[in-house]
Amino acid sequence: MTPRKPTQPIVSNNYIGGEFRAPQTGAFAPVHSPYDGELVGQVAMSDARDVAAAVAAAHAAAPKWAATPIKERSLVLFRMRELMLVNLDALAHVAARESGKTVGEAQAEVLKGIEVLEFALSMQNLDAGGAMEVSRGVICTTRRAPLGVVAGIVPFNFPVMVPMWMYPIAIAAGNAFILKPSDRVPTASTLIAQLWSDAGLPAGIFSVVHGDGAVVNAIIDHPHVEAVAFVGSTPVAKLVYQRTTALGKRALALGGAKNHIILAPDADPAIAAAGIADSFTGCAGQRCMAASLLVAVGPCESIIDAIVERAASIHLGEQMGAIITPASLTRLQAAIAEAQEHGALLRLDGRSAPLPAEFAGGNWLGPTIIDGVTPASRAATEELFGPVLSIVRVPTLEAALALEGQNAYGNATSVFTQSGAVAQKVAEASTSGMIGVNIGVPVPREPFSFGGTKQSRFGHGDITGQAGIEFWTTVKKITTKWTLQPDSSWMS
Ligand code: NAD
């Protein structure tokens, strides 16, 4: 389904202190839909003054929210969950229109975001702290305390879900959260801010400041911001991580990926073809969990033929969406041309895929399969972030695992096989943080946490699940002595 267009461009202002405010710069940037290039919005381009205003509002509101019992805080999240379900269609259309994905993919993203909200709702039952009588009459207890004002910086490709990897848990834990969305997909955050307000979240506990890297730096540098989570490309993840930790603050920065799919010759052809084709074409390949390099072990011809056949049957605009910007499209086209120049074989060339006339002004590339790439080539090593699957041939599973181990990134690795021993070997030897067996997109669902390794993650821990609770809180240890006996030893 094609996303609905607004009757006029939507203006995305900042959301500070419970109200929508124009940026103090007075500056806005245009938002174009990847579908047809049409102007669909204007986004505030804020500066450090807007960040300061958001942090001041958050800082003022945080203590009362932190002092609200978690069971009461959770009631607001319950209402938010209901409101998100009621508004699922509106959120999905906005996310699809601005990010380029299909409406069905956007609906799935909203539902996956809601799963994290459901996890956050359950926090009240998960962590009641610990208690022990450590000495006569002396009891140690622990309690998780929020950090105060915290922030999340997010990419374009999941305008609803990726912010929800962060704010439900951060807010349920008692923090005041500031979101910096991607300036290419701002409107979903505007809807979310309104829903938080409707759910009864106190002003200042959720804020949105739009803009570019200058806003990110101002957030990191603000002395009242205690922790920063980031999701985006590896170079920026590294910068954000280094800048935040250099100030002695807590940081977790998830970066890009080059996900390997190891295809064993004994794989079920139908399951492998569907899983691999859907993995590299879903969201037009613009997800950090997309299949990117197919490592074919030995004779896999019939399965590769089936992947090509399935990918070739995908209709642009219906089953697959568009590429985020004209510049990203140009970069992808250049990478395909370069692989061809280096002798790789184009099994499927998405540059000539049929496109409905209504999308002529958009950024489109059909599924593309490049066979016989060399292991050191850009097509085999770099994140392309589009519907492009590179294939490299290896003789053995050991060679496949060696190649996977050399991969600079470590987000996801999947294996397609019918052998339990092969699956187990890959799970043990893989250097990635998330591993799939007969599944093309091995995203761990809540309560399992999400996170990669190597250049796909800077910092310790994961972003969701129990790891999310740990990131957004600190553990206080309270030692209490109530005893009627006057005697004491060094232990009590
Ligand atoms: P990006 O790195 O360009 O932008 C991410 C955020 O950083 C945006 O909010 C952007 O405004 C901000 N930013 C950009 N340049 C900056 C700078 N110099 N200093 C400070 N902030 C800056 O990423 P993108 O193009 O929006 O998203 C795609 C990337 O995100 C891909 O690499 C993809 O793999 C990655 N991603 C990773 C995960 C994961 O979980 N590992 C999930 C989703 C996306």
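Coordinates for the structure precede this section.
The text that follows walks through the structure, step by step, so that each part is easy to find.

Cut-offs used in this document
- Residues numbered from 1 in each chain as written.
- Predicted model: local features only at pLDDT ≥ 70, side-chain atom pairs only at ≥ 80, totals over all residues.
- Heavy atoms only, no water.
- Helix = DSSP H or I, 4+ residues; strand = E, 2+ residues; numbered from the N terminus.
- Rg over C-alpha atoms; globule rule 2.2 N^0.38 Å.
- Buried < 20%, exposed > 50% of the residue type's maximum accessible area, 1.4 Å probe, protein only.
- Contact = heavy atoms within 4.5 Å.
- Areas by Shrake-Rupley, 256 points an atom, 1.4 Å probe, with all protein chains shown as cover.
- Lys, Arg positive; Asp, Glu negative; His and termini not counted.
- Charge placed at Lys NZ, Arg CZ, Asp CG, Glu CD.
- Pairing = 2+ DSSP bridges.
- Axes fitted to C-alpha atoms, helices over the stretch in contact; angles between N-to-C directions.
- Parallel < 35°, antiparallel > 145°, perpendicular 65-115°, else oblique.
- Left-handed = near helix turned anticlockwise from the far one by under 90°.
- Nonpolar A, V, L, I, M, F, W, Y, C, P; charged D, E, K, R; others polar.
- Core = buried A, V, L, I, M, F, W, Y, C linked by side-chain atoms within 4.5 Å.
- Near = heavy atom within 4 Å.
- Polar contact = N/O pair within 3.5 Å; in protein donor to acceptor, adjacent residues only side chain to side chain.
- Disulfide = S-S within 2.5 Å.
- Salt bridge = Lys/Arg side-chain N within 4 Å of Asp/Glu carboxyl O.

Moving on, we get to the overall build of the protein chain. For the protein chain, the helix and strand inventory stands at 16 helices and 23 strands. The globule rule puts the C-alpha radius of gyration for 492 residues at 23 Å, and the 24 Å found for the protein chain is close to it. Along the first, second and third principal axes, the C-alpha atoms of the protein chain reach 85 × 55 × 40 Å. Residues classed as buried in the protein chain amount to 55% of the 492 residues present. Sequence-distant contacts, at least 24 apart, represent 75% of the contacts inside the protein chain between residues at least 6 apart. Working note: accessible area of the protein chain is about 19700 Å², and carbon and sulfur atoms make up 57% of it. Positive and negative side-chain charges in the protein chain, numbering 36 and 41 respectively, have mean positions lying 8 Å apart.

Quick look at the sheet that holds strand E7 (residues 138-146) now. Overall, antiparallel pairing links the three strands, which are arranged E6-E7-E23 in an open sheet. Strand pairing shows two members of the sheet lacking a second neighbour, strand E6 (131-135) and strand E23 (473-481), which therefore form its edges. On average, adjacent strands in this sheet sit at an angle of 30° to one another, irrespective of strand direction. Summarising the sheet, E6 and E7 pair through four bridges and their orientation is antiparallel. Along E7, the bridge assignment pairs Ala131 with Thr141.

Before going further, it helps to spend a moment on the packing of helix H3 (residues 88-99) against helix H4 (residues 103-126). How two helices pack is summed up by the angle between their axes together with the distance between the axes. Put simply, H3 and H4 touch, their axes get as near as 8 Å, and they point 120° apart. The orientation of H3 relative to H4 falls into the category oblique. Helix-helix and strand crossings are classified by hand; for H3 and H4 the assignment is right-handed. Seen from H3, the contacting residues are Leu88, Asp89, Leu91, Ala92, His93, Ala95 and Ala96; seen from H4, they are Val103, Ala106, Gln107, Glu109, Val110 and Leu111. Split into classes, the residues belonging to the contact of H3 with H4 amount to nine nonpolar, two polar and two charged.

Next up on the list: the nonpolar core. By size, the foremost hydrophobic cluster in this structure holds 92 residues, and its most contacted members are Met84, Trp165, Ile171, Phe177, Trp196 and Phe206. With ten residues, H4 is the largest single contributor of residues to this core. Beyond its immediate stretch of four places on either side in the chain, Trp165 contacts Val116, Val231, Leu254, Phe450, Ile463 and Thr464. Tyr35, Ala322, Leu329 and Leu384 belong to the second-largest nonpolar core, a separate cluster that totals 35 residues.

This part is about the site of the ligand. In the vicinity of the ligand, 25 residues are found, and the nearest of them are Val154, Lys180, Ser233, Gly255 and Glu383. The separation between an oxygen atom of the ligand and a polar main-chain atom of Gly232 is 3.3 Å. One nitrogen or oxygen atom from the main chain of Gly255 is found 2.7 Å from a nitrogen atom belonging to the ligand. Coverage of the ligand by the protein amounts to 86% of the 850 Å² it exposes when considered alone. Secondary-structure elements contributing two or more residues to the shell around the ligand are helix H8 (213-221) and strand E11 (225-231). Looking at the shell around the ligand, its residues break down into 14 nonpolar, eight polar and three charged.

Each strand in a sheet pairs with another by means of backbone hydrogen bonds, the pair being arranged parallel or else antiparallel. The three strands are arranged E1-E5-E4 in an open sheet whose pairing can be described as mixed. Single-partner strands in this sheet number two, and they are strand E1 (10-12) and strand E4 (28-32). Ignoring which end each strand starts from, the neighbouring axes of this sheet average 25° apart. Taken together, the three bridges between E1 and strand E5 (residues 39-44) define a ladder with parallel strand orientation. Residue pairing in the sheet places Ile10 in a bridge with Gly41 of E5.

Applying the stated rule across the entire model yields zero disulfides. Cys283 takes part in no disulfide bond, and the closest cysteine sulfur, belonging to Cys288, lies 10 Å away. For Cys283, a relative accessible area of 7% translates into the label buried.

For the pair helix H10 (residues 269-281) and helix H11 (residues 301-312), the least separation of the axes is 8 Å and the interaxial angle reads 45°. With respect to their mutual orientation, H10 and H11 come out oblique. Seen along the crossing, H10 lies across H11 with a hand that is right-handed. Between H10 and H11, the contacting residues are Pro269, Ala272, Ala273, Ala274, Ile276, Ala277, Asp278 and Phe280 on the first element and Ile303, Ala306, Ile307, Arg310 and Ala311 on the second. Looking at side-chain class alone, the contact of H10 with H11 contains eleven nonpolar, no polar and two charged residues.

Attention now goes to the pattern of salt bridges. In total, this model carries 19 salt bridges according to the counting rule given. For Arg445, the salt bridge goes to Glu115, with nearest N and O atoms at 2.4 Å. Of this pair, Arg445 sits in the loop between strand E20 (434-437) and strand E21 (453-454) while Glu115 sits in helix H4, and the two are 330 residues apart along the sequence. Under the relative-accessibility criterion, Glu115 is labelled buried at 18%. Close ionic contact of Glu301 with Arg393 constitutes a salt bridge, the shortest N to O distance being 2.5 Å. Here the residue Glu301 occupies a position in helix H11, and Arg393 occupies one in strand E17 (residues 388-394), the gap between them amounting to 92 residues. Glu301 sits in the partly exposed class, given a relative accessible area of 39%. Salt bridges here are not isolated pairs; linked through shared partners, they connect Glu301, Asp305, Arg347, Asp371 and Arg393.

Turning our eyes to something else, we now look at the environment of Ile276. Of note, Ile276 is situated in helix H10. Between the C-alpha atom of Ile276 and that of Phe448, which follows or precedes it by 172 residues, the distance is 23 Å. Aside from chain neighbours lying at most four places away, what touches Ile276 is Ile261, Leu263, Ala291, Leu294, Ile307, Leu389 and Phe416.

Relative to the helices and strands, Leu316 is located in the loop between H11 and helix H12 (326-341). Looking at Leu316, the relative accessible area reads 5%, which means it is buried. Residues contacting Leu316, with those up to four places away along its chain left out, are Ala353, Pro354, Leu355, Pro356, Trp364, Leu365, Gly366 and Pro367.

Limitation: the analysis is restricted to geometry and does not speak to function.
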